[in-house]
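Single-letter residue listing:
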Amino acid sequence: MPYLLDKVWILPAIMAGSFLLILFFGKKLLARFGEKATASIGIASIAVCFILSLFIAGQWIQRVNHPPTGADMAAAEEACLGPSEVAAEEMGVEVYAPAEHGEASHGAETEGDHSTEADDGHGTSEPADGEATTSDEHGAAPMATGESAAAATPTAAAAEPAAEEGHEEVIPVCASMTWFESDHIDFEVGTVLDGLSAMMLFTVTMISLLVHLYSLEYLHKDVRFTHYYAFLSLFSASMLFYVLSSNTLQMLVGWELVGVCSFGLIGHWWEQRANTDAALKAFLTNRVGDTGLIIGVVVLFFATGAASFNVFFQNQQALSGELNTTLLLIAALALFWGVTSKSGQFPLHTWLPDAMAGPTPVSALIHAATMVVAGVYLIARMYGVFWGGLEIGDSSIHYVAFIGGFTTIIGGILAFVQQDLKKVLAYSTISQLGYMVMALGVGAWTAGVFHLFTHAFFKACLFLGAGSVSHACHHTFDMREMGGLRKYMPSTHKTFLIATIALAGIFPFAGFWSKDEILAGAANGQGDKAYTLMLVMGLITAFMTAAYMGRAYYKTFRGEYRGHGTPHESPKIITIPLWILAVFATVIGLVNFPGHIIGAVDDAGLAHRFEHYVQPTFAFPTDLEVAPFMYWLAGLSLVLAGFGLAIGIGYFAKGEPLKGMTERNPLARIGYVFLEKKYYLDALYESGIRDTVVMPLARAAYWFNMKVLDGIVNGLGVAARKFGTVLYRYVDQGVVDGAVNGTGLVSEESGQFLRRLQTGKVQQYGALLFGAAVILAAIFVLTNAINA
Amino acid sequence: MDLMLNQFLFLGAILFCIGVYGVLARRNAVMVLMSIELILNSVNINLVAFSTMWGVASGAVFALFVIAVAAAEVGVGLALVLMLYRNMRSIDVDRVDLMKG
């Protein structure tokens, strides 16, 4: 059945091919046929990938609806776990067998605590089963995830739609081949296709396609047009490669590849020093995190029995509860250190605002929608490890959830003091990434991934909108030189407004649904306890997000135009992608519509589709609780967001009543400067770490290099030369040549001696002959005499 | 019979020694050739003496063979002497030292 799902490697291969084509023929094509010829290679490739990813998503939905059973299922499972089990057995590691498919893993703990409610859940859900349009022919086995959540919250149990679906275990489609083999361990390279990667394929290819189109105009007549499109293709290839990776080593490769593309594209206009600095900063900051990632991969490899790098294998092992929890915790934290840099979490987020030095479409694609969520994707993919290592299921506050929550707040605060529109969006991205990480940290897996999905659309829309604005305003992003653009750029204005509302989380736009799920996840928590701190952090951020977006929106589009010249609306090639993204920002939230709000949607089997198709059921924590929709929380966040928007817009509409407060009030000034200096983090890194730790280290290393290493090397050279001289003088000249010359001399001398015998006189020869005969005879006679 | 054999062997030895002396000491090439004949004939005497002692003919036959070879050898040798003389106007073997190293 899955004729495409096991051949998903085609997608990155297409993009890699496109990269090579542009690299080798791009410039010639550009010179002969113009920019469109070069760009069309990339556009055509990404368009093909987009269409393929639609087919793939469709096939995956088919697979979830009709999961393979019996032998097919076992084969799929074996493909996904790879050769690790055999290897593990050889190594003497006990391999945790997954829970029996079906009823068995129906949480014992759940039944123990809530047996009556659980029964209620069954009772109410069973009649609905018959009417539901779901096609669970294989015996509707009500299963762990959705069910237990329904059971855990009695109020929602009756209406919880997930219960009737029954989460059967749907095995992802895996394809792999051995890369190399070492010490009985197969190092594989392969692809994984499940809901998560299918979702990522769709998101990445779609936004990449729109950005490809958009760049056609945005980078028109750019000095490095070819270079830009080549990098876009390479980035798409790397990102697709990354999300399809079946093992952590392969993920590491993809991770580094996207980092390189990010570096190359941030420094696209490298003539300006600031841009190269930003590129270097991004690259080096990421390198700090990558170290953690590598450590995490290695620790995890050994923690799971040194048998395989396969993600499902490692998740399964981590969830088995039989591993060393300390080791698992170290692995999870080290992996998270990688996430910290890539996904802009505190304290390694500082590179992301600087990365805005790159072209705006790149900011939209790489630094908002796709690459920066690689870290979030990593947590989502390795969720078993994080779940096991951090004990998320206990609702104890742990590092990941806290850092997520903390990042979301500090990012949000910083967005208020930015004058650069792109910087506002960049800090907003940091804040939203913190939201996703926090969601994953509190166990709201679907909520976090869903927010990743919705955020990609409206944040890309905002960035592309900002690019459109800058295109109109003489390439500035300074909001002080904007204002009143509503009149000049109607399309950009409308799409930007839609995306702003979506990001602020106003019903019924996309951000509302995903943000609400995260808040619900934090409120509900795991195992009876709520993540209250994270809930508060999330609510504060919900308010702040709306407020700073209101500010940015007002300063850009309302009021009077403050720049020079007359702005103009961007051409269609820019506004069409904006409109597409705006439509997505409006409706995409409905794919995970909480069913029980409208009963009909629920009955039609349309509720919680995203969760149903994306949340894994294989090698995934079975006791994960999915929070139900809560009216009070949704209402509260909606009120906060509306309030925030109103303040953000109203403050500036009233003519900034508090303006000048930072000059009058010293306390306020201190606060403002503190924010403007970005919490002095950059100063800390530069003067605190770079100047006091790194520079002396570098100097010491330089000294060591010059004096010790070079001394050793030079000394070795001198010694070698001396030794060579001695060797030449005594061994070569003395021994070897002496032997040769001696041989010659001996031959000559002996020849001289023998020459004298050669008199030419036959009688002398005869005399010698006879003399010798006489001597021989004498010897014979004598020996005979002695013997006798 | 034993006494007789010894006498023949003595005769052979004396002839051999005379021959050797002639070969080594004479300057005249013809005399050298003649001395070689003496050596050969001393050997012949020995062969015939032993042949008679054991009562078998092979020694005598071998002696006849030696005489035939000696005749040929003298033929070749005298030819050599002749050519020597033509080239060097002398048959003094001491002067024939062209192979001196």
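Quick caveat, the model's predicted, so the values are computed rather than measured. (Residues numbered from 1 in each chain as written. Chains lettered and ligands numbered in written order. Predicted model: local features only at pLDDT ≥ 70, side-chain atom pairs only at ≥ 80, totals over all residues.)

Regarding the overall build of chain A
Counting its secondary structure elements, chain A contains 33 helices and two strands. Residues counted as buried form 50% of the 788 residues belonging to chain A. In chain A, the share of contacts with a sequence separation of at least 24, taken over all contacts with a separation of at least 6, comes to 81%. (Helix = DSSP H or I, 4+ residues; strand = E, 2+ residues; numbered from the N terminus. Buried ≥ 20, exposed ≤ 12 C-beta atoms within 10 Å, placed from the backbone. Contact = placed C-beta atoms within 7 Å.)

A look at the overall build of chain B
Across its full length, chain B holds three helices and zero strands. In sequence order, the secondary structure elements of chain B are arranged as α-α-α.

Remarks on the pairing of strand β1 (residues 173-182) of chain A
Residues and elements named next belong to chain A. Two strands pair when backbone bridges link them, and β1 and strand β2 (residues 185-193) are joined in this way by nine bridges, in the antiparallel orientation. Paired with Phe 180 across the strands is Phe 187, a residue of β2. Linking β1 back to β2 in an antiparallel pair, the connection comprises two residues, with Asp 183 at a positive phi of about 55 degrees. (Pairing = 2+ DSSP bridges.)

Regarding unusual backbone geometry
Residue Pro 347 of chain A is reached from Phe 346 of chain A by a cis peptide bond, and omega for that bond is 5 degrees. Here Pro 347 of chain A shows up in the loop between α14 (325-342) and α15 (351-354). Residue Pro 508 of chain A is reached from Phe 507 of chain A by a cis peptide bond, and omega for that bond is 0 degrees. With respect to the helices and strands, Pro 508 of chain A occurs in the loop between α23 (490-504) and α24 (510-524). One non-glycine residue, Ala 619 of chain A, adopts positive backbone phi at about 55 degrees. Residue placement: Ala 619 of chain A occurs in the loop between α28 (609-614) and α29 (631-653). Accessibility expressed as a C-beta count within 10 Å gives 26 for Ala 619 of chain A, which makes it buried. A positive phi is found at Arg 89 of chain B, a non-glycine position, where the angle reads about 60 degrees.

Focus: the environment of Leu 519 of chain A
Structurally, Leu 519 of chain A can be placed in helix α24. Considering only alpha carbons, one finds Leu 519 of chain A and Tyr 531 of chain A, twelve residues apart in sequence, at a separation of 9.6 Å.

Re the nonpolar core
In this structure, Ala 460, Cys 461, Leu 581 and Ala 585 of chain A are the most contacted members of the largest nonpolar core, which totals 214 residues. Residue contributions to this core peak at 17 residues, all from helix α21 (residues 445-472) of chain A. If sequence neighbours within four positions are ignored, Ala 460 of chain A has contacts with Ile 207, Ala 364, Ala 368, Ala 369 and Leu 581 of chain A. Of all hydrophobic cores here, the second largest spans five residues; its members include Val 20, Val 23, Ala 29 and Val 32 of chain B. (Core = buried A, V, L, I, M, F, W, Y, C linked by C-beta atoms within 7 Å.)

Focus on the packing of helix α25 (residues 532-557) of chain A against α29 of chain A
Residue and element names in this part refer to chain A. Between α25 and α29, whose axes approach to 7 Å, the crossing angle comes to 30 degrees. As the angle between them shows, α25 and α29 are arranged roughly parallel. Regarding α25 and α29, the two cross each other, and that crossing is right-handed. Classifying every residue of the contact of α25 with α29 by side-chain character gives 19 nonpolar, five polar and two charged. (Axes fitted to C-alpha atoms, helices over the stretch in contact; angles between N-to-C directions. Parallel < 35°, antiparallel > 145°, perpendicular 65-115°, else oblique. Left-handed = near helix turned anticlockwise from the far one by under 90°. Nonpolar A, V, L, I, M, F, W, Y, C, P; charged D, E, K, R; others polar.)

Quick look at the packing of helix α16 (residues 360-369) of chain A against α21 of chain A
Residue and element names in this part refer to chain A. At a minimum axis separation of 8 Å, α16 and α21 run at an interaxial angle of 160 degrees. With respect to their mutual orientation, α16 and α21 come out roughly antiparallel. For the pair α16 and α21, the sense of crossing is right-handed. Taking contact as the criterion, the partners of Thr 360, Pro 361, Ser 363, Ala 364, Ala 368 and Ala 369 in α16 are, on α21, Ala 456, Lys 459, Ala 460, Phe 463, Leu 464, Ala 466, Gly 467 and Ser 470. Across the contact of α16 with α21, the residue classes break down as nine nonpolar, four polar and one charged.

Focus: the confidence of the model for chain A
Taken as a whole, chain A shows an average pLDDT of 80; of its residues, 85% reach a score of 70 or greater. pLDDT under 50 marks residues 86-167 of chain A. Its contacts with residues more than four places away, or in other chains, come to 131 contacts. (pLDDT = per-residue confidence, 0-100.)

Digging into α25 of chain A
Under the 1.5 Å per step criterion, the end-to-end length of α25 of chain A is 37 Å for 26 residues, consistent within 8% with the ideal 38 Å. Counting buried positions over the 26 residues of α25 of chain A gives 21, a clear majority of the element. (Expected span 1.5 Å × (residues − 1).)

With respect to α21 of chain A
All names here are of chain A. Between its terminal C-alpha atoms α21 stretches 40 Å, which fits the 40 Å expected from 28 residues at 1.5 Å a residue. Of all bends in α21, the biggest is about 30 degrees, found at His 455. Among the 28 residues of α21, 27 are classified as buried, and the element is accordingly described as predominantly covered. One or two positions beyond α21, positive phi appears at His 474, with a value near 55 degrees. (Bend = angle between axes of the 7 residues up to and from the residue.)

A few points about the environment of Leu 15 of chain B
Residues and elements named next belong to chain B. Among the secondary structure elements, Leu 15 is positioned in helix α1 (residues 2-25). Exposure remark for Leu 15: the 19 C-beta atoms within 10 Å place this residue in the partly exposed category. Taking the C-alpha atoms as reference points, Leu 15 and Ile 39, 24 residues apart in sequence, are found 6.6 Å from one another. Setting aside residues no more than four positions away along its own chain, Leu 15 makes contact with Leu 38, Asn 41, Ser 42 and Ile 45.

Digging into the environment of Phe 312 of chain A
Residue and element names in this part refer to chain A. Along the chain, the position of Phe 312 falls in helix α13 (residues 311-319). It is 5.9 Å that separates the C-alpha atoms of Phe 312 and Leu 81, two residues lying 231 residues apart in sequence. Not counting the four nearest positions on each side in its chain, Phe 312 is found in contact with Cys 80, Leu 81, Phe 618 and Ala 619.

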